Amino acid sequence: MKPLSNKVALVTGSTSGIGLSMARAFAHAGAEVVMNGFGDPAEIEKLREEIAESAKVPVHFIPADLSKGADAQMLVKQTIAICKRVDILVNNAGIQHVASIPDFPEEKWDAVIAINLSSAFHTSKIALADMQTRGWGRVINVASAHGLVASVNKSAYVAAKHGIIGLTKVTALENAKSYITCNAICPGWVDTPLVRKQIEARAAAQGITVDAATKQLVGEKQPSERFVTPEHLAELALFLCSEAGGSVTGSSYVMDGGWTAQ
Ligand code: NAD
């Protein structure tokens, strides 16, 4: 028996970056996994097959656009229809948009709030009802250091990430007497496509190399001057799904190379 044998884990936004790493870690810990996210269908199928074959567990892919509440709820309903249950829900899908408030396009504000915050309400609404029938579950909300502190030009992202920490606490309290926990994970800089776009924009704006822009971006906020890795974040998610993790609820775990200690 592996630690997550007989568990079903749904990870939103798991075609890339942090979510992909968590989906892989859950599968190798024995869980049946549902992946979700955007991307080239052939690439996604390759990833799904690779994880299923190497971990020897069923791995499914269910497409859903999490900017739409109905699609987010349908994602969980389809997971339950296919896998008969959902034990672990990771609300990970996220996007970024960088601009000062006067220049921030309204549609970008709406999209960031919908994907980074409201989708977690919609998926949790369906998943919690299912978890409550068994009295066991794990909800992990991927927030950010920006769930605890702010930066300029990230109004929607910072608002959504602060909001998801609030949602995490309410979810934890509503389920505290059962064995259903809800916690937030707050990463610092992680080298994923979401951050690459910011690095490339910085390099272009300042006329510097991508390497110089990377050093500048990480060094400004993160005292370790190193990226946090998706694999380390996946280890933290595995801990939160463990038996010992059952005593942790309503918390925000930072893994940020010292960012929020300053
Ligand atoms: P990423 O761009 O590699 O992955 C984002 C995932 O979300 C992808 O699978 C993408 O397809 C999916 N996605 C985006 N919009 C979607 C939509 N409308 N519907 C369904 N799926 C959608 O980025 P990442 O860095 O791995 O980000 C994952 C989470 O981690 C996000 O919530 C992000 O805010 C958070 N985070 C990232 C960092 C970082 O430095 N990379 C730091 C702190 C927090």
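Residues numbered from 1 in each chain as written. Predicted model: local features only at pLDDT ≥ 70, side-chain atom pairs only at ≥ 80, totals over all residues. Heavy atoms only, no water.

(A) The site of the ligand, seen in detail. Taken together, 31 residues lie near the ligand, and S16, N92, Y157, V190 and T192 sit nearest. Take K161: an N or O atom from its side chain is 2.9 Å from an oxygen atom of the ligand. Protein chains bury 94% of the 830 Å² of accessible surface belonging to the ligand in isolation. When atom positions are compared with the pocket grids, the ligand is found to occupy the largest pocket. The biggest single contributor to the shell around the ligand is helix 6 (residues 193-206), with three residues. Split by domain, the residues of the shell around the ligand number at least three in each of domain 1 (8-188 + 228-254) and domain 2 (190-227). (Near = heavy atom within 4 Å. Polar contact = N/O pair within 3.5 Å; in protein donor to acceptor, adjacent residues only side chain to side chain. Areas by Shrake-Rupley, 256 points an atom, 1.4 Å probe, with all protein chains shown as cover. 1 Å grid on protein atoms, 1.4 Å probe; cavity = no way out; pocket = protein on both sides within 12 Å on 5 of 7 lines; lining within 4 Å. Sits in = over half its atoms within 2 Å of the grid points. Helix = DSSP H or I, 4+ residues; strand = E, 2+ residues; numbered from the N terminus. Domains from an automatic or database assignment.)

(B) Looking closely at the pairing of strand 5 (residues 136-142). With six of seven residues buried, strand 5 is to be regarded as a mostly interior element. Bridge analysis of strand 4 (residues 88-91) against strand 5 gives four bridges, and the strand direction is parallel. Counterpart to N91 in the pairing with strand 5 is N141. In this region the chain leaves strand 4, passes through helix 4 (residues 106-134) and returns to the parallel neighbour strand 5; the handedness of that crossover is right-handed. Where strand 5 and strand 6 (residues 179-187) come together, seven bridges link them in parallel fashion. Looking at strand 6, one finds that G137 is bridged to I180. A crossover links strand 5 with its parallel partner strand 6, the connecting element being helix 5 (residues 155-174), and its sense is right-handed. (Buried < 20%, exposed > 50% of the residue type's maximum accessible area, 1.4 Å probe, protein only. Pairing = 2+ DSSP bridges. Right-handed = clockwise from strand over helix to strand, strands pointing away.)

(C) Molecular detail of the packing of helix 4 against helix 5. Look at helix 4 against helix 5: their axes get within 7 Å of each other, and the N-to-C directions meet at 15 degrees. Taken as axis vectors, helix 4 and helix 5 run roughly parallel relative to one another. Once helix 4 is placed against helix 5, the crossing between them reads as right-handed. Mapping the contact onto sequence places W109, V112, I113, N116, L117, A120, F121 and L128 in helix 4 and S155, A156, Y157, A159, A160, K161, G163, I164, L167 and T171 in helix 5. (Axes fitted to C-alpha atoms, helices over the stretch in contact; angles between N-to-C directions. Parallel < 35°, antiparallel > 145°, perpendicular 65-115°, else oblique. Left-handed = near helix turned anticlockwise from the far one by under 90°. Contact = heavy atoms within 4.5 Å.)

(D) Region of interest: empty space enclosed by the protein. A complete count under the given rule lists one cavity of 30 Å³ or more for this structure. In this structure, the largest cavity encloses a volume near 50 Å³. Lining of the largest cavity is provided by T12, N91, N92, A93, I115, N116, S119, V142 and I164. The dominant element in the lining of the largest cavity, judged by the number of residues it contributes, is helix 4, at three residues. Class assignment of the residues belonging to the lining of the largest cavity gives a composition of four nonpolar, five polar and no charged. (Points joined across faces, edges and corners; volume = space filled by probe spheres on them. Nonpolar A, V, L, I, M, F, W, Y, C, P; charged D, E, K, R; others polar.)

Function cannot be inferred from these measures alone, as they are strictly geometric.
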